[in-house]
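# Geometric and topological summary
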Number of protein chains: 4
Amino acid sequence: MYQIRTDLALETQEKMQEEHVDLKGVRYVEEKIDKNLTISTVTIETENGAKTMGKPRGTYITIEALDMDTADEDYHREISVQLAKVLQRLVPEKRKDMSVLVVGLGNREVTPDALGPRVVDNLFITRHILKEYGKYAFGSENVNPVSSIVPGVMAQTGMESLEIIHGIVKETKPELVIAVDALAARNTRRLNRTIQVTDTGINPGSGVGNHRHGLNEKSLGIPVISIGIPTVVDAATIVKDMLHNLLDAMSQSEMLKSLGNSMEELDDSEKYELIRELLSPNLNTMFVTPKDIDESVKRLSFTVSEGINIAFADIPFEQYTA
Amino acid sequence: MYQIRTDLALETQEKMQEEHVDLKGVRYVEEKIDKNLTISTVTIETENGAKTMGKPRGTYITIEALDMDTADEDYHREISVQLAKVLQRLVPEKRKDMSVLVVGLGNREVTPDALGPRVVDNLFITRHILKEYGKYAFGSENVNPVSSIVPGVMAQTGMESLEIIHGIVKETKPELVIAVDALAARNTRRLNRTIQVTDTGINPGSGVGNHRHGLNEKSLGIPVISIGIPTVVDAATIVKDMLHNLLDAMSQSEMLKSLGNSMEELDDSEKYELIRELLSPNLNTMFVTPKDIDESVKRLSFTVSEGINIAFADIPFEQYTA
Amino acid sequence: MYQIRTDLALETQEKMQEEHVDLKGVRYVEEKIDKNLTISTVTIETENGAKTMGKPRGTYITIEALDMDTADEDYHREISVQLAKVLQRLVPEKRKDMSVLVVGLGNREVTPDALGPRVVDNLFITRHILKEYGKYAFGSENVNPVSSIVPGVMAQTGMESLEIIHGIVKETKPELVIAVDALAARNTRRLNRTIQVTDTGINPGSGVGNHRHGLNEKSLGIPVISIGIPTVVDAATIVKDMLHNLLDAMSQSEMLKSLGNSMEELDDSEKYELIRELLSPNLNTMFVTPKDIDESVKRLSFTVSEGINIAFADIPFEQYTA
Amino acid sequence: MYQIRTDLALETQEKMQEEHVDLKGVRYVEEKIDKNLTISTVTIETENGAKTMGKPRGTYITIEALDMDTADEDYHREISVQLAKVLQRLVPEKRKDMSVLVVGLGNREVTPDALGPRVVDNLFITRHILKEYGKYAFGSENVNPVSSIVPGVMAQTGMESLEIIHGIVKETKPELVIAVDALAARNTRRLNRTIQVTDTGINPGSGVGNHRHGLNEKSLGIPVISIGIPTVVDAATIVKDMLHNLLDAMSQSEMLKSLGNSMEELDDSEKYELIRELLSPNLNTMFVTPKDIDESVKRLSFTVSEGINIAFADIPFEQYTA
């Protein structure tokens, strides 16, 4: 009946389940690590599955960590370790000298969209050191050349992120791009508690700022792994979901039954008109986010950057001098 | 039937009008400056009026400037000039040597709540210069001693803003406090286009972060003028308003008539239960804001600070050396 | 005898004059705009001149504005206008539809090195709007497509600025690069009062962070105009200059005469050894900057960005909606 | 002969030793924790000692950690632990429910002066939680009420830090103030490698911004412990030290001997005149700092805040929800 906006494959899959949509070509596996931590994998295997899900073929791994948004002395290193493992599952080949460009997408000046830039702030950047001092610079051969860029958003640069990244990729020839971005979820309960890691890159319409062009293997010519955390819900989604709840409430509450009955008599086009009337056009350019989003983004950026550091720079840190 | 959240007296007044509530003790005057600029004054004159409006007695002046949120080479100096005039109307006595403490309320780390701190960043601060070099420091006797503070929010300081400001007021003895804060509106159309100036200070429950204690003449012992711009709408308000729209749509659309009829049969407590079921508890700690709020807050902070500068430091700027 | 560090061609020229070095191949013109504003042009016309000056052939225009570092209501728009005129003198051809990429060099996190990034923050960026809405988007045909990038420094990105800019230039094909950077002067009196504009780009060893690779027409394939303001003096320069002053003082003061005589008996290698002993090696990685550099950089970034805005986006700003 | 500027009692003590000044009333103890970590304590016991040292009576503990300025995965937690122990030595009485106000002095906008504000950003603030939920809020009785404030500098606020802090202390009645500030050292080798902790508070003339009024038990009425890290050297100090080195070099180098002899013939007033001639007046408002000071201040602020967190909020962090 209506499209809701979510960047999380897991939420799309759940909704499809709920609505008894046939999910042929989509596999789902769930692994419970402990009481707070679940890792689920949605694999979209066929073009048909991709069409049903509204997302490209590939692997979508979701780390759900109930306590990720709580303060923690070492920024939930246990979650960082899981993220590092997930990243290593998705890296196309296991060579440890693969060079990696980490891209911090989003707008540093808008708190819930600043996740990508802030993750980059906390990375161990090694490419220039390896280039100058060679592979023994860190007393370990297991340090990948890591570079990073914060491209900014189009209102700031006048350029698409894709243009900037494509230019840099052709010039510096990394073998892998990791794109970090803040996402939009459907459900406020998922905010700041979920990390989605995919091998499909960033796709048009996703992210807080709704990217217009994809950042993926097709557009960049090299594999792109994306890491995203939902920090906002689209304002329009809140209202659409509320209507959904209204219909549900009507069908269940005795008191509202007669009202529900009337509602059910509406056909789809009538329901669509109802929604259109309800939605202010302004809402499409707005988002919903928690009031303490600053603390969440600060903490989460450490958790994610540490995961990337563990995966690509497993170095005895004492020997590292910035 | 239900309380909606707005910090704007103008919105409360409009809603009362709409619902034909008797507004005895409340005066309303509107002045159209030009096609883009309207100044309206709501004066709550009696305790009864205060009770009806849900806001303390006093004067609420609203500058509505349709183009305030558009880019402009001199940051809409024409609006700053109007703000300066409005400020001078509310200053209790006209002495030019009155010392002023400007308080930038809100959380600098959360973009739509950063208005207050960013206004303070752009102020001409003069108190320390006047104290050291005397009244001829600026080649004008019309420069007020201006000091400022950004107290931060409770999660950062562990203290109420009121505690911090009260301590500083007792120590430095300003004669007037100007408190600048980001507000919550009811209607997304008002965001970033409205400045509310009042002589009632900041009151409990207002602002993006919902202050718990008031900053007003009663709590501080000196007059408090507040300047606010709505930059968010409460997430709960969006949903409540949507329901309101739904009921309206039902009563007007032929198609939805039978549904509307059922709805009308609900009594007030049934309607309340309906809303309660619709509202996720999470929504109370969330806000709705535009995606380009960073650019708006940056621009608006210049417009407001320039208004304060004009009102209290009308100096030949060339002679001013920071 | 010893090399001092300055990014200002004007200071090199002055020193050469002072030491009676033959400056064949170098032309110098000075124009006094008013009592506070002087524009001087050093043109290095031959390879020989370039060798003597230690700087590449080209035009170096210096705007000296004695009051540029004082507070001003419109951020010294009169200086911005002069900067716009100087920029237009150096633009290779006068086509108004020439597309321009502005590069904000330097480290946003180090106050005196943040000039470039902060200039970019205040630019009117038009490329994406012109691309989407065409040449009438601004009600003027005199708006150039302007894009911008803040590449960050190598410790943050692992990449040379040149690699990033080269990639972006090849991808987005601007016709002109304007590189903005904070510079090192020799003399503390020039700090924050001087704008150098050249058509030679940025060259190795220049800037606060000492660029390792040039950003110029040779390396980028398109003309590069650089805009620089000195915000620091190298710590080593301070000490070297002091020694210079010491020798001068000795030769002039009667009291110090006998000391000066001894000094003159030293030959060049002895003098060099003396300096080497005096200089702590740490000093080479340090800079000297004023304590209120934050206010200067904030103000200067507005003055420079306004100059670029005037030169490339002479638009009726009211019609511009970001 | 000449006063050099240092905020470190250790450096003053060393210079006195070097110059064979009698240090009666000053005790010095040094403890080597490991090859990278030395803790030394200078205790000024008498008014005479205070006069000789140019610093008030009290205890000055210096943690010298050679690798403190290198990157480290957990921000040198071993140094944070030592800092916590030192803090506990200086706390006047050992009650665990003592309420603490942490003051982040300095200018957030000037990188080497931002240490204090950035330490406060990373503190666990508990006062408001304890006030609302009582002493069992953290599952431990060993959590002190901690509040914090970043007062800003006089150019931003128009007020002395002392006025702001005094007002807040009288209003919120903490029992202990911890003042964190960036310091000026004499020797560039000490920068970012030394933490000084004292029970004498902050005194006039100290800090990067040269405080005009002290923050100490006398001015605030409660004990003040200060934590400082040198991040700058005064520009004038660099030059003065260079002259000192020059004289040393002269007396030792055979080659420079005759020159040195002439120098020794100068009497004190002649030497003073020599220095005055060498020093540009500008230098007094300037500082010297390393080019990568941004990375140092970022890292050090974590090391210091963690030390304060360990000392005053020894909580099982998992249970802490911001």
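The structure under discussion appears in the preceding block.
All of the points below concern the structure found in this document. (Residues numbered from 1 in each chain as written. Chains lettered and ligands numbered in written order. Predicted model: local features only at pLDDT ≥ 70, side-chain atom pairs only at ≥ 80, totals over all residues. Heavy atoms only, no water.)

### With respect to the relation of the copies chain C and chain A
Aligned on chain A, chain C shows an RMSD of 0.0 Å; the corresponding rotation is 180° and the shift along the axis is 0.0 Å. The transformation just described matches what one would write down for a two-fold rotation axis. The rotation axis passes nearest to the C-alpha of Gly-167 of chain C in chain C, at a distance of 2.0 Å. Here 100% of the contact residues of chain C are again contact residues in chain A; the copies associate through an equivalent surface. (Least-squares fit on C-alpha atoms with pLDDT ≥ 70 in both. Contact = heavy atoms within 4.5 Å.)

### Considerations on the environment of Val-26 of chain C
Residues and elements named next belong to chain C. Within the fold, Val-26 resides in strand 1 (residues 26–34). Placed 144 residues apart in sequence, Val-26 and Lys-170 show a C-alpha to C-alpha distance of 34 Å. For Val-26, the contacting residues outside a window of four places in its chain are Val-42, Thr-43, Gly-49 and Met-53. (Helix = DSSP H or I, 4+ residues; strand = E, 2+ residues; numbered from the N terminus.)

### As for the interface of chain C and chain A
Taken together, the contacts link 25 residues of chain C with 25 residues of chain A. Across the chain C to chain A interface the summed buried area is about 2,100 Å²; carbon plus sulfur atoms make up 53%. On the chain C side of the contact with chain A, Met-159, Glu-163 and Glu-171 of chain C bury the most area, a combined 25% of that side's loss. Linking chain C to chain A there are eight salt bridges. Taking the shortest distance from any N to any O, the salt bridge between Glu-171 of chain A and Lys-170 of chain C comes out at 3.7 Å. Considering each element in turn, the side of chain C that touches chain A owes the most residues, eight residues, to helix 7 (residues 161–172) of chain C. By residue class, the composition of the side of chain C that touches chain A is nine nonpolar, nine polar and seven charged. (Buried area = accessible area lost by both parts, 1.4 Å probe. Salt bridge = Lys/Arg side-chain N within 4 Å of Asp/Glu carboxyl O. Nonpolar A, V, L, I, M, F, W, Y, C, P; charged D, E, K, R; others polar.)

### Side note on the side chain of Thr-126 of chain B
All names here are of chain B. In this fold, Thr-126 is placed in the loop between helix 4 (115–121) and helix 5 (127–133). Given a relative accessible area of 0%, Thr-126 falls into the buried group. Side-chain polar atoms of Thr-126 contact the backbone oxygen of Asn-144, separated by 2.6 Å. Among the polar contacts listed, one links the side chain of Thr-126 to the backbone nitrogen of Val-146, at a separation of 2.8 Å. Setting aside chain neighbours within four positions, we find Thr-126 in contact with Phe-138, Val-143, Asn-144, Pro-145 and Val-146. (Buried < 20%, exposed > 50% of the residue type's maximum accessible area, 1.4 Å probe, protein only. Polar contact = N/O pair within 3.5 Å; in protein donor to acceptor, adjacent residues only side chain to side chain.)

### A word on the pattern of salt bridges
All chains considered together, the criterion is met by 60 salt bridges over all chains. Taking the shortest distance from any N to any O, the salt bridge between Asp-69 of chain A and Arg-299 of chain A comes out at 3.4 Å. Residue Asp-69 of chain A is located in the loop between strand 3 (58–65) and helix 3 (77–90), and its partner Arg-299 of chain A is located in helix 12 (residues 293–312); the two are separated by 230 residues in the primary sequence. Residue Arg-299 of chain A is classed as buried on the basis of its relative accessible area of 13%. For the salt bridge of Asp-234 of chain D with Arg-5 of chain D, the shortest nitrogen-to-oxygen distance reads 3.1 Å.

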